[in-house]
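So the chains spell out like this:
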Amino acid sequence: MKNFKQYYPTTVDEAAKILKENPNDTYICAGGTDIIGVMKDFILPTYPTALVSLDRIPGLKEIKEEGGFLTIGAMVPLEDIATNDLIKSKYACLAEAAARTASPHLRESGTIGGNLCQMTRCWYFRHNNDQFHCLRKGGDTCYALTGDARFHSIFGLTKMCAAVNPSDTAPAMVVLDAKVVTNKREFGIEELWGFAVPGSTKLEHDEIITCFKIPAFSGKSCFYKAAIRKTIDFPIVNGACAITASGDVKICVNAVALSPHRCKEAEAVVKGQTITESLAEKAGDEAAKKATVIEGTGTTNEYKIQMMKGIIKKVVLGCK
Amino acid sequence: MTEKKNKKKSLGEISRREFLIDAGIVLGSTAAVGTAALASSCGGKTETVTSTVTKDGPSKTVTTTVTDVVEKLVPLSCTEDGQWVIDFKVNGKRFVEIVEPNETLHHLLHEKLGFKSIKTFCSRGGCGSCSVLIDGRPILSCMTFASSVHGKEIWTAEGIATEMPALIDAYVDNECMQCGYCTPGFIVTAAALLKRNSDPTTDEIREALAGNLCRCGTYPVHIPAVKEAAKALKGGR
Amino acid sequence: MADVYKDDFLYVGKDYKRRDGPEKAAGTATYAADITLPNSLFAKVMTCPWAHAKIKKMDTSKAEKLEGVVDILRFDDPRIKGKMLNSSWNHPFVAYLTENVEHLKEMLPDEGFYDGEELGVVILAESENICEEAMDLVEVEWEQLPFILDPEDALKDDAYVYFPGRKTMQGNGNEIDGCFFNMGDVEKAFRESDAVWTVPVAEPMINWVSAEMPTCSCTWESENLTIYAHSQVPYELGLFTADNLGIPQSKVKVISPFSGGTFGERSFVQHFNDQGIAYIAAMLSKQHGRPVKFYINRADQFRTGRSQCYMHGEIKIGANKDGKINAVSIKNFTSFQRAGLWITGSAYAGYDHFTDNTCVPNVKMEGRCAVTSQPPGWWFRCEQNIGCYNLNIVNSEVAHKFGLDPIDVAIKNNGYEGEDVDHLYKIAAEHGLPTTDSLKACIATGKKAFKWDEKLHADGAKKLPNGRYHGIGFVWDHAWNDNVNTITVGLALNQDGSVNIIGQRDDLGTNDRTSYSQLAAECIGIPYEMVNYRCTDTYLPMQLKNPGGSMGIISQSRGIMRAAKKLRAEIFAKAESLKVLNGIKADEMDLKEGYVFEAKNPSNRIHISEVAATCLPYAAQPWGVSCKGSIMVYDTNVTKRKWGYPDGGTRPRFARQCHFLEIEVDPDTGEIFMGDLVTVNDVGVVISPKSCKGQGYGGAMQGLGRAYSEEYIYDKTYGVLLNPDLQEYKIVTMLDFENAESYLEESHNCGGEWGCGGIGEDVATLIPCILTDAVRNALGVSITEQPITPDKILKALGKVK
């Protein structure tokens with residue numbers, strides 16, 4: 001790792017001020033489990049010059065239920081979400097998603113904010129020394145399209161980048177209708193992501209997530225993740241479904257597109273219906289209708305479409 | 001932050017207050033790298049503290065001169081060169097060190113302070129072999145900046161072996177080590193589990209150790225070993 | 001279950017507390033990677049970023065200016081230019097592998113033939129971070145050259161030729177080796193078979209993933225060099241390094257403390273990662289007067305070498321409805337790259353598990369090996385992966401084709417040299433060896449433990465309430481029961497009667513400190529506690545061998561027994577000269593449990609310490625009372641051939657192994673969930689039961705990874721490895737198995753002392769095919785190309801085109 005300037009602000013404002021004064025190659029460091037790897041492997045075109053750690057800012061590590069919301073601080077470790085009794089009982093899909101993220105150790109350091117804002121795992125993007133200077137890094141090629149795209153996008157090549165969002169907690173947060181609270185504003189979580197270089201969020205440079213607010217939930221929810229291994233792995237596809245007590249249905253899958261993918265067609269199939277295996281399968285089929293395949297020159301990602309269908313089936317049935 | 005309760009104080013989770021009023025510490029004569037500013041408060045008991053010169057390069061242990069004694073936690077401070085002065089404990093012993101921003105906790109503990117139980121297997125957060133307990137949590141030291149452990153209580157496998165001999169015994173009896181390179185990482189993780197859960201089930205053990213890779217494939221025997229250790233620890237060992 | 005053997009052994013067959021256990025658990029055991037000598041410098045080498053590229057221009061000026069950079073060794077520096085790997089090598093260690101030794105690789109070339117090849121420049125700096133930063137500052141203009149990834153492509157007439165004009169090459173010039181074999185008449189047998197069909201086969205490139213990465217530290221004391229290395233063959237490493245430096249081997253001492261996994265990787269001494277880093281570190285250390293630590297990071301460890309070549313091909317099978325296999329014709333393509341020498345062992349034969357273990361009378365093999373832009377390969381726990389795989393693919397195919405139990409197919413075809421099992425055990429009887437049908441014994445134990453008969457069902461017939469399909473799988477093969485290592489071992493008697501085993505051996509994790517002490521105690525006749533074994537350096541040139549690693553017990557047991565006989569003779573002679581035991585002669589004495597006694601009258605005895613205490617004149621000698629013997633271990637005279645492929649011979653193996661696996665397959669996602677796993681190994685004689693079982697389930701964990709999750713993934717457009725890290729290259733975890741149990745059989749029919757044999761290599765090597773068999777039972781479809789990832793399952797189920 002090259003050296004860099006490191007900041008340990010003690011307030012969000014102080015952190016924002018540092019970011020504002022350092023507009024170039026300065027990154028926020030939450031748990032560090034993503035950025036340290038990025039820096040060790042010299043992945044980015046220009047090396048980070050400064051990191052602003054949120055570790056010493058009080059108040060970002062709380063989980064509380066108040067005012068009709070479950071509030072989760074941005075710096076809450078994933079393990080605390082996975083093992084929190086309140087979340088396990090009422091927001092099951094989020095607890096399960098957190099529990100299935102990465103490995104136990106990474107969940108102790110890795111935070112919910114970091115998990116939702118992490119950079120993509122695309123192996124061209126992540127290749128050491130910026131060897132594949134891809135679209136996402138300001139280049140003009142997505143190497144996955146001519147290479148091995150077995151873990152890449154099946155939904156629309158947004159700006160022709162085939163990378164996917166690898167977050168396990170994202171689909172759970174989407175189906176639970178979470179709000180993102182930053183030092184500047186509050187917005188629905190689906191607005192968080194977009195094509196950005198090199199990260200994956202639409203946050204402004206000096207914008208810091210302080211917490212997530214999830215409306216009190218009393219329905220059923222379910223999360224499922226498929227990966228090569230059962231732990232220490234990113235999803236091939238994951239997904240979550242939540243059905244509120246009043247019958248609203250939300251289904252979201254991830255690792256299938258640049259951002260978490262809301263399956264409104266599948267939701268329409270399920271809404272108001274009695275959940276059966278065939279209904280759940282139909283929901284998956286609907287969701288897959290707009291999916292596309294990258295053939296590439298290696299293993300194609302076509303199987304991910306079936307996998308997504310299977311996962312939608314499972315998470316819908318899980319809300320029965 | 002949801003603090004996990006623990007009954008036994010020695011491992012990892014001495015309270016902040018206890019930490020602050022713990023035996024005073026001595027600042028090493030590390031003036032060569034500009035730490036004179038640290039000697040902010042004096043008086044009280046003395047304790048030997050190890051310091052090392054932290055510029056990149058051969059790590060040289062500086063002979064500590066018992067000059068200034070502080071009872072309070074040295075405040076996290078940054079030198080003119082952008083290094084951090086951190087005050088932390090490893091296996092119950094207090095250290096004040098000056099670290100570079102790009103220094104990992106692994107480097108600090110393994111290379112400078114000589115805790116050789118912390119192994120480099122993947123060095124990217126994917127194997128668990130560099131695990132240490134930080135305030136009771138099993139954390140990957142290769143993915144942790146050294147500067148971030150200021151004020152924290154760290155335990156390594158060496159320290160756990162002293163504090164929890166029953167765990168080591170159970171691991172040896174079940175031959176949980178083959179090449180043994182990953183074993184200290186398992187020990188740290190198993191200790192974290194046993195501190196939170198004195199009677200873990202098979203599934204709980206498997207889940208807790210799921211972040212530790214073992215290329216020799218010793219996985220199956222960790223389960224009886226942790227159960228035996230749990231039993232022995234409950235029996236007061 | 002013949003689990004723990006022995007009434008008549010006093011120490012062998014018992015579980016003792018593992019001697020290296022406490023320090024390994026507490027983390028105080030030191031490995032080469034843990035050693036950073038005081039005042040050490042650090043060295044790092046550049047690697048080729050493309051599949052095949054040459055340095056057109058390299059500018060190191062920015063790196064030179066970086067603070068903390070001490071030296072920059074460029075490929076065109078006179079200190080290294082023209083220096084070859086293996087420069088004057090003539091050691092039999094390589095010679096027995098191949099006669100095809102040709103030296104042609106520069107230690108630090110300017111051209112790389114695969115992604116990851118070490119070349120260009122070595123940076124020497126004050127820290128690892130500075131090395132990396134300096135490497136980032138080196139500017140290179142690359143000339144990218146043509147490359148080929150698939151060995152079949154490399155054999156085509158119009159293929160790019162990597163090394164035109166080399167005399168070892170055949171065909172179009174890329175073909176480096178082949179394995180051609182024919183026994184019987186396969187074509188005729190196909191015509192006479194009930195069914196004839198062909199299956200595609202493929203095995204991915206995999207990596208050892210030793211936990212500790214390649215590293216060494218070099219330091220000089222005047223003319224003497226000490227190397228701390230993560231090496232499985234420290235003696236050979238010292239030999240190479242002395243040779244490369246042009247100094248006597250006696251001035252080089254290699255210390256291999258504990259080793260963080262080796263699995264064959266660290267015996268790859270022809271490779272830059274062993275020999276190259278040691279030579280350059282030693283040279284730079286001498287020049288700068290400071291220790292030098294050379295390290296290879298995980299990504300480069302993946303990119304610079306692999307443990308199994310990429311293999312693909314097909315097998316044509318002819319068999320009858322009753323499960324009798326009449327003929328197999330194997331066609332394999334394997335990839336190859338040079339590691340400094342052209343060692344063509346990577347073509348590892350794929351037929352001989354039929355000739356050595358079955359009664360299949362007609363066997364044909366066409367194995368072709370070609371140069372590609374994939375890194376050089378070396379043994380992974382064992383080199384027999386392809387042979388095991390081919391045997392068990394055929395066993396599985398035949399069972400499922402005719403709706404038979406794969407176990408019945410195994411029993412039906414078990415044999416030797418195309419003849420049935422009676423022929424095999426007739427040979428055993430001729431040599432006075434036991435005639436137990438080892439396969440049947442292993443199967444009986446395994447079936448019971450696994451509850452095979454209760455779990456058996458027709459292919460694709462069992463869907464579980466959770467929506468998954470249930471399947472069980474079976475594999476079998478011979479036990480790894482022979483070995484051809486030369487070892488030299490000393491037994492030194494101390495004055496208190498305790499004994500040191502002298503013989504350097506790298507720690508492979510197989511608990512040799514305990515088990516060799518057990519062996520020696522048994523052989524000498526003194527209590528286990530009185531024997532110790534802890535040699536880690538090469539200054540005493542006595543070597544317990546490592547290549548052949550866990551089969552080493554065969555060589556070591558014979559060597560230790562031979563040395564023990566000499567030691568006992570010394571002790572009895574001394575006792576006779578002391579006129580103790582009423583003045584009986586040496587040949588009337590025996591030694592047991594630490595007492596020298598009159599064989600006919602055991603109560604007439606003295607403790608060994610009373611004899612040893614008088615041995616001061618001997619103890620003053622370098623060896624004390626010592627014995628040494630250099631022996632070729634495989635001397636049971638039942639072999640018809642020497643090691644080496646292909647020469648058409650076979651070797652009878654009397655011991656067998658078999659394994660059982662239960663799985664569930666999710667038809668919606670293609671995920672596999674492991675269930676019960678039972679391994680059964682006939683190891684001849686069990687030395688240390690727990691350690692032995694550890695090799696069983698441990699090997700199974702590794703083998704499952706090969707079958708299920710591990711593979712090198714290359715970008716085919718650029719020839720660059722996409723997953724050189726432990727996140728994307730996926731070895732199995734604590735959650736990737738459910739329940740694993742190991743069982744041991746003791747037929748006394750392996751090549752070691754008392755008929756003991758190895759277990760460490762074979763389970764990992766044999767297990768991969770078990771997943772193919774289990775998946776076929778679960779789904780009724782055949783997936784013979786590994787690893788069996790969800791994409792292949794979903795494709796086989798017809799859910800993906």
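Summarised in this report is the structure supplied together with it.

## Points about the overall build of chain C
Okay, step 1: Looking only at helices and strands, chain C has 23 helices and 31 strands in total.
Okay, step 2: Per-residue burial for chain C yields a buried fraction of 70% across its 801 residues.
Okay, step 3: Residue pairs at least 24 apart in sequence account for 79% of intrachain contacts in chain C once pairs closer than 6 positions are excluded.
Okay, step 4: In the form shown here, chain C has an accessible surface area of approximately 25,300 Å², with 48% of it arising from carbon and sulfur atoms.

## Brief notes about the overall build of chain A
Okay, step 1: A tally of helices and strands in chain A yields eleven helices and twelve strands.
Okay, step 2: Here chain A, with 320 residues, has 65% of them falling under the buried criterion.
Okay, step 3: In chain A, of all internal contacts separated by at least 6 residues, the share reaching a separation of at least 24 is 65%.
Okay, step 4: Surface accessibility of chain A: about 10,600 Å² in total, with carbon and sulfur atoms responsible for 50%.

## Topic: the side chain of Thr 47 of chain C
Residues and elements named next belong to chain C.
Okay, step 1: Looking at the secondary structure, you find Thr 47 in strand β1 (residues 41-47).
Okay, step 2: Classification of Thr 47 by relative accessible area gives buried; the value is 14%.
Okay, step 3: Of note is the side chain of Thr 47, whose polar atom sits 2.8 Å from the side chain of Arg 303.
Okay, step 4: Among residues more than four places away in sequence, those in contact with Thr 47 are Gly 116, Glu 117, Glu 118, Leu 119, Asp 300, Arg 303 and Thr 304.

## A few points about the interface of chain C and chain B
Okay, step 1: Contacts between chain C and chain B engage 59 residues on the former and 47 residues on the latter.
Okay, step 2: Of the roughly 4,300 Å² buried between chain C and chain B, counting both surfaces, carbon and sulfur atoms make up 58%.
Okay, step 3: It is Ala 25, Asp 34 and Met 734 of chain C in chain C that bury the most area against chain B; as a group they hold 16% of the surface buried on that side.
Okay, step 4: Counting across the chain C and chain B interface gives four salt bridges.
Okay, step 5: In this structure, Glu 738 of chain C and Arg 206 of chain B form a salt bridge, with 3.6 Å as the shortest nitrogen-oxygen distance.
Okay, step 6: For the pair chain C and chain B, the number of links is 27 residue pairs in polar contact (both at pLDDT 80 or more).
Okay, step 7: Examining the composition of the side of chain C that touches chain B, we find that nine residues originate from one element, helix α20 (residues 689-708) of chain C, more than from any other.
Okay, step 8: For the side of chain C that touches chain B, the class distribution of residues is 24 nonpolar, 22 polar and 13 charged.

## Quick word on a negative patch on the surface
Okay, step 1: Judged by side-chain charge, Glu 96 of chain A together with Asp 203, Glu 204 and Glu 207 of chain B come together as a negatively charged surface patch.
Okay, step 2: For the negative patch, the leading source of residues is helix α6 (residues 202-208) of chain B, giving three residues.
Okay, step 3: Along the chain, Glu 96 of chain A turns up in helix α5 (residues 92-99).

## Describing unusual backbone geometry
Across residues other than glycine, the phi torsion is negative in most instances, and most of the peptide bonds are trans.
Residues and elements named next belong to chain C.
Okay, step 1: The peptide bond linking Gln 786 to Pro 787 adopts the cis configuration, its omega dihedral lying at 0°.
Okay, step 2: Secondary-structure assignment places Pro 787 in the loop between α22 (768-779) and α23 (790-796).
Okay, step 3: Located in the positive-phi region is Asn 39, a residue other than glycine, with phi close to 70°.
Okay, step 4: If you trace the backbone, Asn 39 turns up in the loop between α1 (21-26) and β1.
Okay, step 5: Since its relative accessible area comes to 39%, Asn 39 is described here as partly exposed.
Okay, step 6: A positive phi angle, near 50°, is found at Glu 593, a position not held by glycine.
Okay, step 7: Mapping Glu 593 onto the fold places it in the loop between β23 (589-592) and β24 (595-598).

## Some points on the sheet that holds strand β20 (residues 490-493) of chain C
Residues and elements named next belong to chain C.
Okay, step 1: Read across the open sheet, the three strands follow the order β20-β21-β22; overall the sheet is mixed. The open sheet has two edge strands with one neighbour each: β20 and β22 (531-533). Across the sheet, the axes of successive neighbouring strands diverge by a mean angle of 25°, strand direction being ignored.
Okay, step 2: Note: β20 against strand β21 (residues 499-502), four bridges, orientation antiparallel. Paired with Ala 492 across the bridge in β21 is Asn 500.
Okay, step 3: Sitting on the sheet, helix α16 (residues 512-524) touches β20, β21 and β22, and the angle it makes with β22 is about 145°.

## Here's the deal with the pairing of strand β9 (residues 215-221) of chain C
All names here are of chain C.
Okay, step 1: Most of β9 sits inside the fold, with six of its seven residues counted as buried.
Okay, step 2: Here six bridges tie β9 to strand β10 (residues 224-229), and the two strands are oriented antiparallel to one another. Pairing of Cys 218 across the sheet is with Ile 227, part of β10.
Okay, step 3: In textbook terms, the turn of a hairpin is the stretch between consecutive antiparallel strands, and for β9 and β10 this stretch comprises two residues, one of which, Ser 222, has a positive phi near 55°.

## What about the environment of Glu 62 of chain A?
Residue and element names in this part refer to chain A.
Okay, step 1: Within the fold, Glu 62 resides in the loop between β3 (50-53) and β4 (63-66).
Okay, step 2: Classification of Glu 62 by relative accessible area gives partly exposed; the value is 37%.
Okay, step 3: Taking C-alpha positions, Glu 62 is 9.8 Å from Asp 80, a pair spaced 18 residues apart along the chain.

## Observations concerning the packing of aromatic side chains
Okay, step 1: Here the structure, examined in full by the defined rule, presents 38 aromatic pairs over all chains.
Okay, step 2: Three or more aromatic residues joined by ring pairs make a cluster, and in this case those are Tyr 124, Phe 132 and Tyr 143 of chain A together with Trp 50 and Tyr 718 of chain C.
Okay, step 3: Directly above the aromatic system of Tyr 595 of chain C lies the positively charged group of Arg 605 of chain C, at a separation of 3.7 Å from the ring centroid.

## A short note on the nonpolar core
One broad trend across soluble globular proteins is that nonpolar side chains are buried collectively.
Okay, step 1: Membership of the largest hydrophobic core comes to 155 residues, with the highest contact counts inside it found for Met 308 and Ile 312 of chain A, Phe 88 and Leu 109 of chain B together with Ile 123, Ile 280 and Phe 294 of chain C.
Okay, step 2: The element best represented in this core is helix α8 (residues 272-288) of chain C, accounting for nine residues.
Okay, step 3: With near-sequence residues (within four places) excluded, Ile 123 of chain C lies in contact with Phe 42, Ala 43, Lys 44, Ala 63, Val 69, Asp 71, Ile 72, Cys 131, Ala 134, Met 135 and Val 138 of chain C.
Okay, step 4: The next biggest cluster of nonpolar side chains, apart from the first, holds 148 residues, and it includes Met 177 and Ala 230 of chain B together with Val 328 and Val 398 of chain C.

## Focus: the packing of helix α4 (residues 165-173) of chain B against helix α7 (residues 219-234) of chain B
Residue and element names in this part refer to chain B.
Okay, step 1: Here α4 crosses α7 at 145°, and the two axes come no closer than 8 Å. Helix-helix and strand crossings are classified by hand; for α4 and α7 the assignment is right-handed. Touching Ala 166, Leu 167, Ala 170 and Tyr 171 of α4 are His 222, Ala 225, Val 226, Glu 228, Ala 229, Ala 232 and Leu 233, all from α7.
Okay, step 2: Here the contact of α4 with α7 is composed, by residue class, of nine nonpolar, one polar and one charged.

## Thoughts on the interface of chain A and chain B
Accessible area lost on assembly of the parts is the figure often given for the size of an interface.
Okay, step 1: At the interface, 34 residues of chain A touch 37 residues of chain B.
Okay, step 2: Carbon and sulfur atoms make up 53% of the area that chain A and chain B hide from each other, which totals about 2,900 Å².
Okay, step 3: The interface formed by chain A and chain B contains five salt bridges.
Okay, step 4: Remark: the boundary between chain A and chain B carries 18 residue pairs in polar contact (both at pLDDT 80 or more).
Okay, step 5: When contributions to the side of chain A that touches chain B are tallied by element, the ones reaching two or more residues are β1 (5-7), α2 (35-40), α3 (78-83) and α6 (104-109) of chain A.

## Digging into the side chain of Thr 679 of chain C
Okay, step 1: Mapping Thr 679 of chain C onto the fold places it in strand β28 (residues 672-682).
Okay, step 2: Excluding its chain neighbours within four sequence positions, the residues that come into contact with Thr 679 of chain C are Cys 658, His 659, Gly 696, Tyr 697, Ala 700, Glu 741, Ser 742, Tyr 743 and Val 763 of chain C.

## Focus on the sheet that holds β4 of chain A
All names here are of chain A.
Okay, step 1: Spatially, the five strands line up as an open sheet ordered β4-β5-β8-β6-β7, and their pairing is antiparallel. Each having just a single partner strand, β4 and β7 (186-188) make up the two edges of the open sheet. With strand direction ignored, the average angle separating the axes of adjacent strands in the sheet is 25°.
Okay, step 2: Where strand β6 (residues 179-182) meets β7, three bridges bridge the pair, whose relative direction is antiparallel. The partner of Lys 179 across the bridge, within β7, is Gly 188.

Calculation criteria
Residues numbered from 1 in each chain as written. Chains lettered and ligands numbered in written order. Predicted model: local features only at pLDDT ≥ 70, side-chain atom pairs only at ≥ 80, totals over all residues. Heavy atoms only, no water. Helix = DSSP H or I, 4+ residues; strand = E, 2+ residues; numbered from the N terminus. Buried < 20%, exposed > 50% of the residue type's maximum accessible area, 1.4 Å probe, protein only. Contact = heavy atoms within 4.5 Å. Areas by Shrake-Rupley, 256 points an atom, 1.4 Å probe, with all protein chains shown as cover. Polar contact = N/O pair within 3.5 Å; in protein donor to acceptor, adjacent residues only side chain to side chain. Buried area = accessible area lost by both parts, 1.4 Å probe. Salt bridge = Lys/Arg side-chain N within 4 Å of Asp/Glu carboxyl O. Nonpolar A, V, L, I, M, F, W, Y, C, P; charged D, E, K, R; others polar. Patch = residues over 30% accessible without salt bridge, like charges linked within 9 Å, V, L, I, M, F, W, Y side chains within 5 Å. Lys, Arg positive; Asp, Glu negative; His and termini not counted. Charge placed at Lys NZ, Arg CZ, Asp CG, Glu CD. Pairing = 2+ DSSP bridges. Axes fitted to C-alpha atoms, helices over the stretch in contact; angles between N-to-C directions. Phe/Tyr/Trp six-rings, centres within 6.5 Å; stacked < 30°, edge-to-face > 60°. Lys NZ or Arg CZ within 6 Å of the ring centre and 35° of its normal. Core = buried A, V, L, I, M, F, W, Y, C linked by side-chain atoms within 4.5 Å. Left-handed = near helix turned anticlockwise from the far one by under 90°.

By themselves, these observations are geometric and do not establish any function.
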